[in-house]
Amino acid sequence: QLPDLSNPLWFLIAVAVVFAVVTGRYLLIAGVFYLVFYRWNPEKWKSRKINAKSYKKSQFRKEVFWSTITALIFAVSGAATALIWQFGYTRVYLDIHEYSVWWFPGSLVIALLVHETYYYWLHRWMHHPSVFRVVHKVHHESNITSPWTAFSFHPLEGLLQAIFLPLLLMVLPMHWYVLLTQLTIMTFSSVINHLDIEIYPRNFHRHFLGRWLIGASHHSLHHRQFKYNYGLYFTFWDKWKKTESPQYSALFDEKTAGE
């Protein structure tokens, strides 16, 4: 059982614990992808590298710096969520039998779809010129993305990202394990999208499942073109609102042509 987080000391301890978890998860997942695709056998993935230019010397350091600030914002949000859970204001539950067994995966699907919707429209808003300069420019300073770009946000963007889950959890019942699963999926998805190496197999973007999932080819075009490919996990909003880059299919075919 959690200590009383309304006590300022315990709340600060909770922030520190969540910060360690979020930072550790980011460094572990981004680090493993960086080692596998950029260090251990880079020649194996050279044909699938989307941008041929070299990274700027200080890019990775800047990305880790901004990602650490984002992790701190996420940590405060996480501790605040735990606090309002203690006061009974969220729908997070601990007993898996409290809801139907089908609600366990069902709530995850709903949360991912709602998150996708929130992020797509937030992302489009952040690309309005007056907003972009203040909120979103930091992320786009990574013209060529890397695994470390995943959470490289300006603090205002980090805050806009962080408020989603607490608000969702006030209305959507979710088991604690489902919540952790979504956060893990979010990290993996963001790292894969920013990897700048296409890891999905040939013709995956035409597969009945793959055509709805975002990968490095899809998201790299967003960083290159700015006005396309706003999605987070899925392509359905981009397809519906006709904001998917017309170059996506050709780029994917080019990067997987060697198979």
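Our subject is the structure listed above.
Keep in mind that what you see is a predicted model, and the values were worked out from it rather than measured.

Let us now look at the overall build of the chain. A tally of regular secondary structure across the chain gives ten helices and two strands. In terms of overall size, the chain behaves like a compact globule, its C-alpha atoms giving a radius of gyration of 19 Å where 259 residues would be expected to give roughly 18 Å. Principal axes of the C-alpha set define a box for the chain whose edges measure 55 × 40 × 40 Å. Looking at the chain residue by residue over its 259 residues, the buried ones come to 50%. Excluding contacts between residues fewer than 6 apart, the proportion of contacts in the chain whose partners are at least 24 apart in sequence is 75%. Accessible surface, the chain as shown: approximately 13500 Å² in total, 68% of it carbon and sulfur. Of the side chains in the chain, 24 bear a positive and 15 a negative charge, and the two mean positions are spaced by 9 Å.

Bringing the packing of helix 8 (residues 216–225) against helix 10 (residues 248–255) into the picture now. Taken N-terminus to C-terminus, the directions of helix 8 and helix 10 make an angle of 125°; their axes are 9 Å apart at the nearest point. When the axes of helix 8 and helix 10 are compared, the pair comes out oblique. Where helix 8 crosses over helix 10, the two elements pack in a sense that is right-handed. In this structure, helix 8 contributes S217, H218, S220 and L221 to the contact, and helix 10 contributes Y248, L251 and F252.

Another aspect to go through is unusual backbone geometry. The backbone of N203 shows a phi angle near 70°, a positive value even though the residue is not glycine. Along the chain, the position of N203 falls in the loop between helix 7 (176–193) and helix 8. Its identity as a non-glycine residue notwithstanding, K242 has a phi of 60°, on the positive side. Secondary-structure assignment places K242 in the loop between helix 9 (236–240) and helix 10.

Moving on, we come to the nonpolar core. Here is a general trend for soluble globular proteins: nonpolar side chains tend to be buried in one another's company. Counting 49 residues, the largest nonpolar core has F33, F37, Y38, L168 and M174 as its most contacted members. Elements supplying a minimum of two residues to this core: helix 1 (8–40), helix 2 (59–86), helix 3 (103–126), helix 6 (164–169), helix 7, helix 8 and helix 10. For this core, the element with the highest residue contribution is helix 1, accounting for eight residues. Apart from residues no more than four positions distant in its own chain, Y38 is found in contact with F33, K49, Y55, T145, P147, L195, D196 and I197. Counting residues in each nonpolar core, the second largest holds eight residues, with L5, F11, V15 and A79 among its members.

Moving on to the packing of aromatic side chains. A full pass over the atoms with the stated rule returns 27 aromatic pairs. Between the aromatic rings of W237 and W240, the centroid separation amounts to 4.9 Å while the plane-to-plane angle is 25°, which identifies the pairing as stacked. Here W237 and its partner W240 are both found in helix 9, three residues apart, which amounts to about one turn of the helix. Judged by relative accessible area, which is 11%, W237 ranks as buried. You can call W240 exposed: its relative accessible area is 59%. Members of the aromatic cluster, joined through ring pairs, are Y26, Y34, Y38, Y55, F60, F74, W148, F151 and F153. Residue placement shows K241 over the ring face of W240; its charged tip is 5.7 Å from the ring centre.

Applying the stated criterion across every chain, the model contains five salt bridges. The closest approach of N and O atoms between E141 and K137, which form a salt bridge, is 3.6 Å. Across the pair R206 and D253 runs a salt bridge, and its minimum N-O distance is 2.7 Å. Of this pair, R206 sits in the loop between helix 7 and helix 8 while D253 sits in helix 10, and the two are 47 residues apart along the sequence. Looking at D253, the relative accessible area reads 25%, which means it is partly exposed.

Moving on, we come to helix 3. In a regular helix each residue adds 1.5 Å, so 24 residues correspond to 34 Å; helix 3 covers 33 Å between its end C-alpha atoms and thus fits that length. The complete set of buried residues in helix 3 reads S107, L108, A111, L112, H115, E116, Y119, Y120, L122, H123 and M126.

Remark: helix 4 (residues 129–140) packs on helix 8, axes separated minimally by 10 Å, with the N-to-C direction vectors making an angle of 125°. Taken together, the axis directions place helix 4 and helix 8 in an arrangement best described as oblique. The element helix 4 and its partner helix 8 pack so that their crossing is left-handed. In this structure, helix 4 uses H136, H139 and H140 to contact helix 8, whose residues at the interface are H219, H222 and H223. Here the residues of the contact of helix 4 with helix 8 sort into no nonpolar, six polar and no charged.

About the criteria used
Residues numbered from 1 in each chain as written. Predicted model: local features only at pLDDT ≥ 70, side-chain atom pairs only at ≥ 80, totals over all residues. Heavy atoms only, no water. Helix = DSSP H or I, 4+ residues; strand = E, 2+ residues; numbered from the N terminus. Rg over C-alpha atoms; globule rule 2.2 N^0.38 Å. Buried < 20%, exposed > 50% of the residue type's maximum accessible area, 1.4 Å probe, protein only. Contact = heavy atoms within 4.5 Å. Areas by Shrake-Rupley, 256 points an atom, 1.4 Å probe, with all protein chains shown as cover. Lys, Arg positive; Asp, Glu negative; His and termini not counted. Charge placed at Lys NZ, Arg CZ, Asp CG, Glu CD. Axes fitted to C-alpha atoms, helices over the stretch in contact; angles between N-to-C directions. Parallel < 35°, antiparallel > 145°, perpendicular 65-115°, else oblique. Left-handed = near helix turned anticlockwise from the far one by under 90°. Core = buried A, V, L, I, M, F, W, Y, C linked by side-chain atoms within 4.5 Å. Phe/Tyr/Trp six-rings, centres within 6.5 Å; stacked < 30°, edge-to-face > 60°. Lys NZ or Arg CZ within 6 Å of the ring centre and 35° of its normal. Salt bridge = Lys/Arg side-chain N within 4 Å of Asp/Glu carboxyl O. Expected span 1.5 Å × (residues − 1). Nonpolar A, V, L, I, M, F, W, Y, C, P; charged D, E, K, R; others polar.

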